[in-house]
Every structure is written in C-alpha cells, then in structure tokens.
Amino acid sequence: MQQLTRIDQHLAELDHALRVLVAPARAARPTPAASATETELPDADRRAAAELMRVNHVGEVCAQALYRSQARWARDPALKAELLAAAQEETDHLAWCAERLAELNARPSALNPLWYVGAYAFGWIAGRIGDDANLSFVIETERQVEAHLTDHLSRLPATDQRSRAIVETMRADEARHADEAERRGGQKPSALIGGLMALAAGVMKRVAAKI
Ligand SMILES: [Fe+2]
Ligand SMILES: [Fe+2]
C-alpha cells in the first residue's frame, strides 16, 4: 500500500513536470504587461528582449521544479503549504514570460526538460537535508533571482514596456518569497553554497539565452 502511495507521488511529480514543459501555463493573475502599451521594437531590440525573456522563462521553469521538489520533501506541513503557494505565484510568472516570448516572436529554450530535471535535483538535495536547508535554499535562490531581474531591468530595451512590467512584478514577488522564508527563521547558506548556486545559474543563463 505504501509502495502504491509512493508510485502515486512519483506520478503526480511527473504529471506536474509534463504540464510545465508541454501544456501552456495558466496564470491566476492578469499579466502586468496589460498595463503597458506595445510599441514596435526595432529588430535588434526585439531579439535582445527575447533572449532576456527566454532566460527568465527558463528561470520560471526551474522555479516550478525547485518548489515542487522542495515541497515534496518538506517535513513541516506549514512549510510545505507555503512552498506550494509560492509555486502557484511562480506559475503566473511562467505564463507571463511564455506569453511575452510569443509576442516577441521567440520560442522558449529547447533545453527546458534538462533545466527542469537539474533544478528538481537541486531542490531534492535541499529538501532531503531538512527544512532548514530547504528554507536557506529558498532565500538564496530568490535573492539571486531578485538581483538577476534588477540586472535585466538595466538591460531590457527602454521601449519594451511590456517585458519591463512583467520583470518588475516578478522581482517584487521574488523579494517577497525571500522575505517570507526569512520570517520563518531561514538563514542564508554559506558563501560556498551561494557561489555554487550562482555558478549553476550562470551556466543556465548563458546557454538559455541562445538555445
Ligand atoms: Fe518567479
Ligand atoms: Fe519566487
């Protein structure tokens, strides 16, 4: 019976992964891009914006995998519920980025299945170590994403108001996710762990901009 429950859980994880990778994400909140008007972007600007938004879309694919695996292994039911609630907000980000990519005539990263599996493994490690590691992982990830989105706001074409509105809202959400984990008593991980996470994210960002 327990074996059956475990298989059920694996199937639920597989189902979620397939939905992230294959089905169009459905946002619960309207896209922040709705508040900005579309302007005709010169081709070079459109391509530059598409590269950045593809990276952000990959980041959101990874967020789904991370939160999902971290929630799967969280021991405290309240923490598990909080991780799943954050994952729901990340679904909005995923949908908004996908929609914006399509508007920019660009496709998502072809390597999304690989990013998902890699991020799921990171979340699995943090979750298996324990709730403290789980919380520090959330804090470090979200703070790094917050800084990364600030960098993107300095690089996105000033005229691409629709992408900018999405990135600004995402940045505010990510900062709140980190704040909530800190309020739960989470601590930042060591500089070594933070550095390794930044290294992995750096590889992902370089590759995902192009492929
Ligand atoms: Fe996000
Ligand atoms: Fe987040």
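Up top is the structure these notes are about.
Remember, predicted model here, so these are calculated numbers, not experimental data. (Residues numbered from 1 in each chain as written. Chains lettered and ligands numbered in written order. Predicted model: local features only at pLDDT ≥ 70, side-chain atom pairs only at ≥ 80, totals over all residues. Heavy atoms only, no water.)

The subject of this paragraph is the coordination of the iron ion (ligand 2). Here the iron ion (ligand 2) is held by the protein donor atoms Glu90 (OE), Glu142 (OE), Glu142 (OE), Glu174 (OE) and His177 (ND1), which lie 1.9 to 2.5 Å from it. For the iron ion (ligand 2), all donor residues lie on one chain, and their spacing in sequence is E-x51-E-x31-E-x2-H. (Donors = N, O, S within 2.8 Å, 3.2 Å for Na, K, Ca; no water.)

On to the coordination of the iron ion (ligand 1), then. Tetrahedral coordination by four donors sets the ideal angle at the metal to 109.5 degrees; octahedral coordination by six donors sets it to 90 or 180 degrees. The coordination sphere of the iron ion (ligand 1) contains the protein donors Glu60 (OE), Glu60 (OE), Glu90 (OE), His93 (ND1) and Glu174 (OE), at a distance range of 1.9 to 2.4 Å. In the primary structure, the donors to the iron ion (ligand 1) are separated according to the pattern E-x29-E-x2-H-x80-E. Between the two metals, the iron ion (ligand 1) and the iron ion (ligand 2), the spacing is 4.1 Å, and Glu90 donates to both. With Glu90 in helix α3 (residues 77–103) and Glu174 in helix α6 (residues 161–183), this pair connects stretches of sequence that are 84 residues apart. The class of Glu90 is buried, set by a relative accessible area of 1%. Here Glu174 falls in the buried class, since its relative accessible area comes to 2%. (Helix = DSSP H or I, 4+ residues; strand = E, 2+ residues; numbered from the N terminus. Buried < 20%, exposed > 50% of the residue type's maximum accessible area, 1.4 Å probe, protein only.)

Following the criterion strictly, the structure yields two aromatic pairs and no others. Taken together, a centroid distance of 6.3 Å and an interplanar angle of 20° make the contact between Tyr116 and Tyr120 stacked. Here Tyr120 and Tyr116 lie together in helix α4 (residues 112–129), a separation of four residues that amounts to about one turn. Taking relative accessible area as the criterion, Tyr120 reaches 19% and is therefore assigned buried. Positioned above the aromatic ring of Trp73, the side-chain terminus of Arg128 is 4.2 Å from the ring centre. (Phe/Tyr/Trp six-rings, centres within 6.5 Å; stacked < 30°, edge-to-face > 60°. Lys NZ or Arg CZ within 6 Å of the ring centre and 35° of its normal.)

All quantities given are derived from atomic positions and should not be read as evidence of function.
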